[in-house]
Amino acid sequence: MTIVALALSAAALLMLLVLAARRLVLARRERGHAESERRVRPLALAIVEGSGGEPPALSARDQAVLAEVLGRYSRELTGEADRRIADYFHESAALTSAGGELGSRRMWRRAAAAYTLGDMRCAEAAPELLRALDDDKPEVRGAVARSLGRLGVSEAALPLIEALASRRISNEVGGEALIELGSDVVPELRHMAGRPAWQIRATAITLLGLVGTSGDSPVGVEALRDSSADVRRAAAAALGRIGSSDAETALRATLDDPVDVVRAAAAESLGLIGSRAAASELLELARTDEFRPAHAAAEALARIDPGSLAAAAAEPGAGPHLHEAADLRKL
Amino acid sequence: MNEPEAARDLPLVLAADDDEDILELLVFRLERSGYSVLQARDGEEALELAREAKPDLAVIDVTMPKLDGFELTRRLRAEEVTRRMPIILLTARTQDADLERGFDTGADDYLRKPFSPQELSARVHAILGRR
Amino acid sequence: MSVVHAILRGVSWVALVYFAVLSLAYLTFTLVAWRRLGAHRRARKYLPLDEMYASPFTPPISVLLPAFNEETEIVSSVDSLLDLRYPRHEVIVINDGSTDGTLERLRAAFDLAPVRKALRTRIATAPVRASYISRTHPNLWVLDKENGGKSDALNVGMNAATHAHVCVIDADAVLEQDSLLRIIKPFVDDPELVAAAGGIVRIANGCVIDSGLLVKFGLPQSSLARFQVIEYFRAFLIGRIAFDSLNGVLIISGAFGVFKRAIVEAVGGYARDTVGEDIDLVVRLHRYLRTRGDDYRIRFVPDPVCWTEAPEDLATLSHQRRRWQRGLGETLWRHRSQIANPRAGAVGLVALPYFLLFEFLGSILQLVGIPVVLVSWLLGALSVQFFLVFLAVSVLLSVLLSIAAIMLEEYSVQRYKRASDIALLALYGVLENLGYRQMTAFFGCRGVVDLMRRRHEWGEMRRRGLERPEEAPSAREQARA
């Protein structure tokens with residue numbers, strides 16, 4: 001038993017020593033990294049701005065740190081700067097190595113590589129990334145989607161939408177990537193709006209609301225009659241941004257939808273469109289409906305017709321939502 | 001250290017952002033474009049610098065600690081010395097509501113992030129060229 | 001003599017078994033946590049926080065801040081909450097009938113204007129006296145109500161929240177800039193499954209805080225606080241992460257947690273008649289979601305997202321531990337039907353029994369264990385062998401586990417940068433067993449005694465006669481379902 005006790009104490013001491021040693025090693029490495037960064041930062045800035053000529057020969061570590069700094073800068077920049085960063089990484093060792101890591105057996109290596117490829121801004125990484133969108137780990141797919149968006153790969157539109165719709169990537173990351181691809185994805189989205197699965201239709205319509213134009217309004221109006229409440233809600237919300245005059249009538253009809261969140265979305269969108277014709281219906285909703293639609297209706301009324309809002313709020317039985325909206329309006 | 005404005009040979013721009021990388025990129029670009037640059041890492045520092053040095057223009061990030069871009073704009077507009085100083089806000093891409101607010105509080109222009117350094121200097125030049 | 005010996009031996013053996021099982025349990029937790037933390041650390045290289053910040057799909061959050069007599073800190077707390085890096089969030093401060101200048105400070109600092117905010121009525125609460133919005137920060141609301149306790153204040157916040165996700169936070173908690181982004185991540189990854197999430201709470205003493213923002217990390221100066229740091233490592237870093245893997249997360253700290261508002265509403269909000277309202281809520285959430293039948297998760301994020309001030313004097317520490325133990329006991333009692341109940345899943349089969357045996361009843365054994373064994377050995381009731389084995393499983397293993405916890409922190413999160421800090425922590429990990437653990441166990445025992453005596457020290461009024469929040473279905477109803 002004493003042996004066990006001694007063994008445990010020895011183990012504890014050993015762990016402590018390992019910890020202390022590691023801490024010291026790490027601290028030294030961090031200092032070295034910081035110094036490297038100080039050296040390469042002016043170079044990175046010069047590359048981004050296109051000033052300065054051929055970069056001087058750098059040690060392997062300095063090169064790695066430079067790649068890192070450029071990666072960080074690339075996240076904040078767009079335009080010419082992107083192109084210059086891509087030029088720097090084009091045919092570089094860093095690019096090849098990241099591409100190679102995409103095939104690694106370890107999930108986190110693949111994910112980290114996918115992420116870095118986006119920062120390097122090189123369009124030639126696109127085909128490999130597209131293939132990697134089928135990875136079986138969600139973290140890798142997420143990193144791939146993000147990089148495809150950052151690289152502006154328009155061929156990625158359809159695969160991204162598919163992945164999004166089948167829940168293989170999250171709405172947040174996938175949606176963001178599609179937004180970065182911009183109006184390129186609109187034709188695909190319109191097509192998606194007619195698919196059998198409600199998740200696909202809902203996502204497509206939400207995205208149309210973000211990257212589409214008033215020309216896409218009819219798609220939204222059509223979706224207001226969808227059998228799925230989620231799709232109707234997405235459509236009602238989207239029309240707030242892309243809705244044209246035909247949308248107004250349809251949205252007013254949606255104020256009678258059986259589901260509260262759909263009514264709320266319709267009310268909000270009518271407010272954004274500025275539909276004066278809907279004022280009396282919105283007033284009714286604000287007075288009598290459930291919390292969410294009543295709240296949205298009162299807010300919408302504040303945008304459309306503040307005069308009648310104030311008047312209605314002063315009446316007895318106006319209800320809390322009209323009061324809140326009127327008070328806010330006065331500020 | 002209050003320099004009389006007439007004696008400055010280079011226009012003075014105030015750059016305020018809490019992100020070190022962005023601040024560096026801003027400063028580099030502005031200096032290369034021929035401006036003298038003051039740096040601030042948060043809203044309070046920016047306000048102090050603006051009062052003391054009276055820059056010709058300010059580029060301000062919307063999301064800063066202590067005093068965010070909107071509040072800062074409001075304060076600058078409320079004070080006599082900085083009331084007419086042109087302000088460009090740097091804002092994250094998808095916040096439409098931010099833009100409304102920005103213009104409400106008195107900013108002159110905005111630039112979305114991720115931003116193009118070219119565009120930044122073009123906008124600064126456009127505003128300062130007019131004055 | 002032999003009767004005394006027999007009793008001493010009996011207790012000693014119980015203590016031995018207790019410590020052995022506890023240590024083995026923690027060993028398992030450590031191994032599980034090791035894997036998770038390793039994965040988490042590597043994930044930082046590809047964590048899409050920037051994208052989440054920019055994305056319009058990232059769910060908006062309503063941050064609820066209940067405040068009672070916080071006039072010194074309230075403005076900087078609110079400032080730092082407003083400054084958090086998040087695409088869309090609102091901050092709702094609920095002034096729980098403060099008798100000091102809390103409301104006045106807020107009014108002055110944020111230019112409050114009265115607005116009659118519409119409130120939901122599903123959860124019954126004490127009346128709200130007035131509601132205000134900030135003219136300078138339109139996403140800041142302040143609700144002023146009569147004093148009713150933290151639970152009641154939070155329920156008002158739930159009724160007032162605009163968004164589908166609510167974040168509950170303590171007035172003295174300090175968050176990191178990215179905390180909201182990190183804690184919403186589980187909801188982003190599995191929007192249908194995740195109902196609630198908590199994160200690691202760390203000790204802020206010794207850190208430099210400037211205007212509500214953490215500027216520098218460091219170890220506290222006070223011994224008491226240092227003991228708590230190592231304790232938090234073991235309990236949080238290791239224990240919670242391990243339970244997360246089993247979907248048996250029982251504690252989402254009241255200091256910082258995110259919930260789906262509709263589900264909290266469905267279980268009736270926070271209970272006002274317990275001091276363990278945070279654990280009680282989570283247990284009720286588990287019950288409700290299990291009964292509903294759909295798959296669900298209550299997650300724990302291994303990021304240090306929240307820092308709180310730890311008590312540096314014995315009186316406050318004692319008060320805190322007594323209250324924790326009482327709260328735990330109250331919750332265990334209310335939900336006793338779930339303990340060892342196979343229908344309650346990992347919560348019933350692992351988490352609740354663990355907390356009952358090792359956290360609740362365990363405080364008694366922690367207190368008397370080492371002294372009893374020591375006395376027994378000295379009196380000759382036990383062999384040297386036994387004594388050594390006991391020491392090995394109680395003290396040595398615990399030291400080993402503390403060091404393992406430090407190691408995990410070092411490998412994964414790395415907030416403490418100095419080698420001397422690590423060594424110091426290790427030292428405290430050893431010293432812990434020579435009095436600190438027994439002392440906290442003593443406070444815990446007092447908490448158990450308080451519970452038995454039903455003393456109510458927390459200081460809020462009990463609202464009799466108000467409609468009780470809807471209870472989760474009873475065991476019998478569940479059995480019928």
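Calculation rules
- Residues numbered from 1 in each chain as written.
- Chains lettered and ligands numbered in written order.
- Predicted model: local features only at pLDDT ≥ 70, side-chain atom pairs only at ≥ 80, totals over all residues.
- Heavy atoms only, no water.
- Helix = DSSP H or I, 4+ residues; strand = E, 2+ residues; numbered from the N terminus.
- Buried < 20%, exposed > 50% of the residue type's maximum accessible area, 1.4 Å probe, protein only.
- Contact = heavy atoms within 4.5 Å.
- Areas by Shrake-Rupley, 256 points an atom, 1.4 Å probe, with all protein chains shown as cover.
- Phe/Tyr/Trp six-rings, centres within 6.5 Å; stacked < 30°, edge-to-face > 60°.
- Pairing = 2+ DSSP bridges.
- Axes fitted to C-alpha atoms, helices over the stretch in contact; angles between N-to-C directions.
- Buried area = accessible area lost by both parts, 1.4 Å probe.
- Salt bridge = Lys/Arg side-chain N within 4 Å of Asp/Glu carboxyl O.
- Polar contact = N/O pair within 3.5 Å; in protein donor to acceptor, adjacent residues only side chain to side chain.
- Nonpolar A, V, L, I, M, F, W, Y, C, P; charged D, E, K, R; others polar.
- pLDDT = per-residue confidence, 0-100.

Observations concerning the overall build of chain B
Within chain B one finds 5 helices and 5 strands. For chain B, the α and β elements follow one another from N to C terminus as β-α-β-α-β-α-β-α-β-α. When the 131 residues of chain B are sorted by exposure, 54% land in the buried category. The contacts of chain B with a sequence gap of at least 6 include a subset with a gap of at least 24, amounting to 59%. Summed over its atoms, the accessible surface of chain B is roughly 5,900 Å², and 47% of this surface lies on carbon and sulfur atoms.

Some points on the packing of aromatic side chains
Residues and elements named next belong to chain C. Following the criterion strictly, the structure yields 17 aromatic pairs over all chains and no others. Each ring, one from F217 and one from W307, has its centre 5.1 Å from the other, and the planes form 35 degrees; the classification is tilted. Here the residue F217 occupies a position in the loop between β10 (213-216) and α7 (223-245), and W307 occupies one in strand β12 (residues 297-308), the gap between them amounting to 90 residues. W307 sits in the buried class, given a relative accessible area of 0%. Members of the aromatic cluster, each reached through a chain of ring pairs, are Y18, F19, Y26, F29, F243, Y354, F355, F358 and F390.

Description of the environment of I94 of chain C
All names here are of chain C. One can find I94 in strand β2 (residues 89-96). It is 8.5 Å that separates the C-alpha atoms of I94 and F68, two residues lying 26 residues apart in sequence. Aside from chain neighbours lying at most four places away, what touches I94 is L64, L65, P66, A67, L143, K145, A153, V156 and G157.

Looking at the pairing of strand β5 (residues 140-145) of chain C
Residues and elements named next belong to chain C. Within β5, 6 of the 6 residues are buried, which leaves it mostly tucked inside the rest of the structure. Neither face of β5 is left uncovered, since the one carrying L140, V142 and D144 and the one carrying W141, L143 and K145 both have all their residues buried. Note: β2 against β5, 6 bridges, orientation parallel. Bridging across to β5, I94 finds its partner in L143. Bridging between strand β4 (residues 128-134) and β5 involves 5 bridges; their strand directions are antiparallel. Following the sheet pairing, V128 is matched in β5 by K145. Hairpin connection from β4 to β5: 5 residues lie between these consecutive antiparallel strands.

Concerning the sheet that holds strand β4 (residues 87-92) of chain B
Within a sheet, adjacent strands bond to each other through the backbone by hydrogen bonds, running parallel or antiparallel. All names here are of chain B. Reading across the sheet, the 5 strands line up as β2-β1-β3-β4-β5 and stay open at both edges, with parallel pairing between neighbours. Lying at the two open borders of the sheet, with one neighbouring strand each, are β2 (36-40) and β5 (109-113). Taken pair by pair, the neighbouring strands of this sheet meet at an average axis angle of 20 degrees, ignoring direction. Sheet analysis places β4 next to β5, joined by 5 bridges and oriented parallel.

Re the sheet that holds β12 of chain C
Residue and element names in this part refer to chain C. Within the open sheet, the 10 strands sit side by side as β3-β4-β5-β2-β1-β6-β11-β8-β12-β7. Their pairing is mixed. Edge positions in the sheet fall to β3 (112-114) and β7 (174-175), since each of these pairs with one other strand and no more. Packing against the sheet, helix α3 (residues 74-82) makes contact with β1 (61-67), β2, β5, β6 (165-169) and β7, and its axis sits at approximately 160 degrees to β2. Most of the contacts of helix α5 (residues 150-160) go to β2, to which it runs at about 145 degrees, and overall it touches β1, β2, β4, β5 and β6.

Considerations on the interface of chain B and chain C
In this complex, chain B contributes 11 residues to the contact, which on the side of chain C involves 12 residues. Summed over both sides, the interface of chain B with chain C buries roughly 920 Å², with 48% coming from carbon and sulfur. Where chain B meets chain C, there are 0 salt bridges. The interface formed by chain B and chain C contains 0 residue pairs in polar contact (both at pLDDT 80 or more). For the side of chain B that touches chain C, the class distribution of residues is 3 nonpolar, 3 polar and 5 charged.

Quick look at the confidence of the model for chain B
Low pLDDT marks stretches whose predicted atomic positions should not be read closely. Summarising the model, chain B shows a mean pLDDT of 85, and 86% of its residues fall at 70 or more. Predicted as a complex, the structure gets a pTM of 0.88 and an ipTM equal to 0.88.

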